[in-house]
Amino acid sequence: MHDDERFMRAALDQAASADEADEVPVGAVIVHDGRIIARGHNQRETLRDATAHAEMVAITAAGNHIGHWRLTGCTLYVTLEPCPMCAGAIVLARLDRLVFGAEDPKGGACGSLYTITNDPRSNHQVPVTQGVLEDQCAALLQQFFARQRALGKK
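Read on for a plain summary of the structure. All of these numbers come straight from a predicted model, not from anything done at the bench.

**A word on the overall build of the chain**
Along the backbone of the chain there are 5 helices and 5 strands. Tracing the chain from N to C terminus, the helices and strands come up as α-β-β-α-α-β-α-β-β-α. Scaling as 2.2 N^0.38, a compact globule of 154 residues should have a C-alpha radius of gyration of about 15 Å, and the chain matches this with 14 Å. Taken over the C-alpha atoms alone, the chain extends approximately 45 × 35 × 30 Å along its principal axes. Sequence-distant contacts, at least 24 apart, represent 58% of the contacts inside the chain between residues at least 6 apart. Measuring between centres, the 15 positive side-chain charges of the chain sit 4 Å from its 19 negative side-chain charges.

**A few points about the layout of surface pockets**
Space inside the largest pocket adds up to approximately 480 Å³. What lines the largest pocket is a set of 22 residues, and nearest its centre among them are Val24, Leu80, Asp104, Leu141 and Phe145. In terms of residue count, the dominant contributor to the lining of the largest pocket is helix α5 (residues 134-150) (6 residues). Taken together, the residues that form the lining of the largest pocket break down as 11 nonpolar, 4 polar and 7 charged.

**Some details on the packing of aromatic side chains**
Following the criterion strictly, the structure yields 2 aromatic pairs and no others. Ring geometry for Phe7 and Tyr77: centres 5.3 Å apart, planes at 45 degrees, overall tilted. Of the two residues, Phe7 is situated in helix α1 (residues 2-20) and Tyr77 in strand β3 (residues 74-80); the sequence distance between them amounts to 70 residues. Like Tyr77, Phe7 is buried. Both rings, one in Phe144 and one in Phe145, keep their centres 5.1 Å apart while their planes meet at 80 degrees; by these two values the pair is edge-to-face. Lying over the aromatic face of Phe7, Arg6 brings its terminal NZ or CZ to 4.3 Å of the ring centre.

**A closer look at the pairing of strand β2 (residues 35-41)**
Note: strand β1 (residues 27-32) against β2, 6 bridges, orientation antiparallel. By the bridge assignment for β2, Val31 is matched with Ile36.

**Focus on the state of the cysteines**
Per the counting criterion, the structure on display carries 0 disulfides. You can see Cys86 has no disulfide; the closest cysteine sulfur is in Cys83, sitting 3.8 Å from it. Cysteine Cys110 remains unbridged, with the sulfur of Cys83 as its closest cysteine sulfur at 8.6 Å.

**Regarding the pattern of salt bridges**
In a structure, side chains of opposite charge can pair up when their charged atoms sit close to one another. Throughout the structure, instances matching the rule amount to 4 salt bridges. For Asp19, the salt bridge is made with Arg147, and the minimal N-O distance between the two is 2.4 Å. Residue Asp19 is located in helix α1, and its partner Arg147 is located in helix α5; the two are separated by 128 residues in the primary sequence. Classification of Arg147 by relative accessible area gives partly exposed; the value is 39%. Of the charged contacts, one joins Arg121 and Asp119 as a salt bridge, the two residues approaching to 2.6 Å between their closest N and O atoms. The class for Asp119 is buried, based on a relative accessible area of 16%.

**Considerations on the environment of Ala102**
By the element assignment, Ala102 lies in strand β4 (residues 97-102). In this structure Ala102 comes out as buried when scored by relative accessible area, which is 3%. The sequence separation of Ala102 and Ala61 amounts to 41 residues, and the corresponding C-alpha distance is 23 Å. Among residues more than four places away in sequence, those in contact with Ala102 are Thr79, Leu80, Glu81, Glu134, Cys137 and Ala138.

Calculation rules
- Residues numbered from 1 in each chain as written.
- Predicted model: local features only at pLDDT ≥ 70, side-chain atom pairs only at ≥ 80, totals over all residues.
- Heavy atoms only, no water.
- Helix = DSSP H or I, 4+ residues; strand = E, 2+ residues; numbered from the N terminus.
- Rg over C-alpha atoms; globule rule 2.2 N^0.38 Å.
- Contact = heavy atoms within 4.5 Å.
- Lys, Arg positive; Asp, Glu negative; His and termini not counted.
- Charge placed at Lys NZ, Arg CZ, Asp CG, Glu CD.
- 1 Å grid on protein atoms, 1.4 Å probe; cavity = no way out; pocket = protein on both sides within 12 Å on 5 of 7 lines; lining within 4 Å.
- Points joined across faces, edges and corners; volume = space filled by probe spheres on them.
- Nonpolar A, V, L, I, M, F, W, Y, C, P; charged D, E, K, R; others polar.
- Phe/Tyr/Trp six-rings, centres within 6.5 Å; stacked < 30°, edge-to-face > 60°.
- Buried < 20%, exposed > 50% of the residue type's maximum accessible area, 1.4 Å probe, protein only.
- Lys NZ or Arg CZ within 6 Å of the ring centre and 35° of its normal.
- Pairing = 2+ DSSP bridges.
- Disulfide = S-S within 2.5 Å.
- Salt bridge = Lys/Arg side-chain N within 4 Å of Asp/Glu carboxyl O.

Below, the structure written as structure tokens:
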């Protein structure tokens, strides 16, 4: 659990970077052999790209680092439960494990609303650990949306 918390803190740092850019504060890191090989945070507004979620950015960076789209031997740490798009990408990338912080009861696809990462009909399932530094991950999102509502933005 100690390593999970350490790497989730790195994902929280990425979420803080998203927050500073006025993006929804979700951050992700991908770990291989005990070290971070890729980082990502939400960039949908910045890139004007609906697919620029933290997980997608990190998966692309990890593939570039490894030199292949198969991310076997890698663990993804993300501050918010992945959506259906990202959960599908996690399965397709053949990640060994997913660790997330806060649940997303309205859009989560790794146990809350859907269970894409562990659907036995798929050719690959991804073990999921949830709730790592959940309070810190949730608080960052809650503070962001409270500020946005106060500004009349979201």
